[in-house]
Amino acid sequence: MNPLTRHRRSRSRLCAAAALAAGALALSACSSGGGGGDGGKDQGPGADKNKSSNYSIGTTEDSAGPAPGVPGAKKGGTVGVLQRDAFVHLDPAQIYYSDMLTDQMLYNRSLTSYKVDDKGQVKVVGDLATDPGTSSDGGKTWKFTLKDGLKFEDGSAITSQDVRWGIERLYAAFETDGPQYIPQWLSGDGTAFRKALPDGPYKGKHLPSSVLDTPDDKTIVFHFLAPHADTPFATAMPNIGAVKAAKDTQRKYDNAPFSSGPYKVGDYKVGKSLTLVRNDQWDPKTDPVRHQYADRFEISFGHQYADSTRRFLADQGGDKNTMSFTNAVAPEMTEKVLNQADTKDRRFVEIQPYVDYISFNMDRLRDVRVRKALAYAIPNGQILQQMGGTTAGVLATNYLSPAMDGYQPTDPYGKKAKPAGDPDKARELLKEAGKEGQEIVYAYPNTDLQQKVSVVVTQALERAGFKVQKKEIDSNTWATAIAEVKNKFDIYRTSWGADWPVSSTVVPPLFDGRGIADGAQNYGHINDPAVNKEIDRINAIPDVKKAAPQWQKLADKIFTDDVPGVPTFYNRQFALWGSNLGGVRYHPVYGTADPTGVYVK
């Protein structure tokens, strides 16, 4: 899980003996923002599917394949996919943004996954595993058993040693961009876990069996440092799957991942296009989630929202067989789409699990009064309007999404009362700090939407007494640029979605100072010892329901006392696709269009 345009996902109800927290996975992540659609109505989104009540833990029976058939589905044909941003990674270990999360579902399988029914209800089920896992030792030990009949694309059997390899390679120094729940739970918080296996498995060393055990070809046992009731959610991350050691090309794996899913890489032109073709070694009897209706997916990059929306609206030729994983309807074309009768059955508007932010680089902006002035000055309402208004999202007032357990609509900077910002309050703070005329380096991706957003942000900051130096960044490298600790920017757009609707998947990854590293998600570089200590205290509360209001309280304290950024809006996705595709639906976990059941009519 950013409508930076892409969303980064971050990381529930207590079930059975493990008291498993069931929640939504927005993968921290950054998503493709923008959106609107219809969700079963003529206008406006459908019901929010990202709340914890919409999630449950499945059974062994739920985990068995094949996936329920899609009514009317046919085999054959090519599905086109138009994407704005090129994929930064294909390596599942490096994936944490919604566009790539959606793509990897077609060629990658993890220990557990999400089974979504026709009403958008979500069950966590075994994917490579026979079930969502069984726990012992008070939730510190988790055991998974692999299904029979699992194969890689070359026909070789997938074993527990392949899963071990996939997990141990996460310790290597080059694996920086993906979620790190499992290695941290096994070996230490922040980046400390890497000390347990600094070279990954590449020099012949492995984690001891007291940490990660594979006693036979079918069994994987995790021995965590502390109890983790939400393990089945963490093992649904794309990096907790199988990697064949003989095919692991380390950094080059980004260009040629070895498939365990229904499709495999056929042709990849980095930055331009990706073609996925059928994997004839995939057995639908083992897979409760995916189908293999289309012959291939032809994904192309560089399509701005206006481009893809025009093509979907015109619905001509090959575009009838085309969709997008994350491109939203262009804001300026919202009414046209809603008023064109033939789009009604090929669009949706859904509430996403993402929050958009403007992050403040605390390494460069050291005076908290300057950061507070920025928080007051940022024009939330105008930013949202440029993104598409009510079909794109809802004005945000604090760091946590309304989908989170324990959410409260606190509004410490008065955004509802002054959605265009409060320049007078901002000027007052700048004057108090002796920083009138403070120069701000404002970085943003060179997309059509963010260029428009940059205009209203710049105007608002100038009204508040700042001088603004605009820095436009290639959208294809944007995510990497802002995640560099030593970046040269003062403010930049970020986005985050909880991996499941418990705020332990939001506050620690965004605000724990021990997690500051290139590729990590502490975009504001906050490192407050009191915050770190409070994160540890709340994380130790075993009942997520009791912890929930504590997370909200801490998030508000960070917002008012440290100010590493300001939330701008809660996201919605407005999707449109070609008339000759069936089986397109919303994936509430990733906040995108789900390709796993798509077919050509």
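Let me begin by describing the structure that accompanies this report. (Residues numbered from 1 in each chain as written. Predicted model: local features only at pLDDT ≥ 70, side-chain atom pairs only at ≥ 80, totals over all residues. Heavy atoms only, no water.)

**A short note on the pairing of strand E11 (residues 263–269)**
Direction of pairing for E11 relative to strand E12 (residues 273–278): antiparallel, over a ladder of six bridges. What sits directly across from Lys269, in E12, is Ser273. In sequence, E11 turns back onto E12 through a hairpin of three residues, with Gly271 there showing a positive phi of about 85°. (Pairing = 2+ DSSP bridges. Helix = DSSP H or I, 4+ residues; strand = E, 2+ residues; numbered from the N terminus.)

**Let's talk about the pairing of strand E13 (residues 296–301)**
Only one face of E13 is buried: it carries Phe297, Ile299 and Phe301, and the other face, with Arg296, Glu298 and Ser300, is open. Sheet topology places strand E4 (residues 78–83) next to E13; six bridges connect them, and they run parallel. Note on E13: the bridge partner recorded for Leu82 is Ser300. Two elements, E12 and E13, share five bridges in a ladder whose sense is antiparallel. The partner of Thr275 across the bridge, within E13, is Glu298. (Buried < 20%, exposed > 50% of the residue type's maximum accessible area, 1.4 Å probe, protein only.)

**Brief notes about the nonpolar core**
Soluble globular proteins: nonpolar side chains tend toward being buried together. Counting residues in hydrophobic clusters, the biggest one holds 162 residues, and the most contacted among them are Leu111, Phe222, Met323 and Leu461. The greatest single-element share of this core, amounting to seven residues, is contributed by helix H14 (residues 544–562). Ignoring any residue separated from it by four or fewer positions in sequence, one finds Met323 in contact with Val79, Gly80, Val81, Leu82, Phe312, Trp577, Leu581, Val584, Ala593 and Val598. (Core = buried A, V, L, I, M, F, W, Y, C linked by side-chain atoms within 4.5 Å. Contact = heavy atoms within 4.5 Å.)

**What to know about helix H10 (residues 448–463)**
In this model, H10 (16 residues) spans 24 Å end to end at C-alpha, consistent with the 22 Å of a helix rising 1.5 Å per residue. Among the residues making up H10, those that are buried are Leu449, Gln450, Val453, Ser454, Val456, Val457, Thr458, Ala460 and Leu461. Along its buried surface, H10 packs onto helix H5 (305–314), helix H7 (368–377), helix H8 (380–387), strand E17 (439–445), strand E18 (467–473) and strand E19 (491–497). Gly465 sits one or two positions beyond H10 and adopts a positive phi of about 105°. (Expected span 1.5 Å × (residues − 1).)

**Details of the pattern of salt bridges**
With the rule as written, the count across this model stands at 29 salt bridges. Note that Asp148 and Lys218 form a salt bridge whose closest N and O atoms lie 2.2 Å from each other. One end of the pair, Asp148, is in the loop between strand E8 (141–145) and helix H2 (160–168); the other, Lys218, is in the loop between strand E9 (212–213) and strand E10 (219–223), with 70 residues separating them in the sequence. A relative accessible area of 28% places Lys218 in the partly exposed class. Where Asp367 meets Arg369, a salt bridge forms, and the shortest distance between an N and an O atom there is 3.0 Å. On the accessibility criterion, Arg369 (28% relative accessible area) is partly exposed. Taken together, the shared-partner salt bridges connect Asp91, Arg169, Glu175 and Asp248 into one network. (Salt bridge = Lys/Arg side-chain N within 4 Å of Asp/Glu carboxyl O.)

**Focus: the packing of H7 against helix H9 (residues 423–433)**
Between H7 and H9, the shortest axis-to-axis distance is 8 Å and the interhelical angle comes to 170°. It follows that H7 is roughly antiparallel to H9 by the angle criterion. Together, Arg369, Val370, Lys372, Ala373, Tyr376 and Ala377 of H7 and Lys425, Ala426, Leu429, Leu430, Glu432 and Ala433 of H9 make up the contact between the two elements. A per-class count over the contact of H7 with H9 returns eight nonpolar, no polar and four charged. (Axes fitted to C-alpha atoms, helices over the stretch in contact; angles between N-to-C directions. Parallel < 35°, antiparallel > 145°, perpendicular 65-115°, else oblique. Nonpolar A, V, L, I, M, F, W, Y, C, P; charged D, E, K, R; others polar.)

Note that all results are geometric; they support no functional claim without further evidence.
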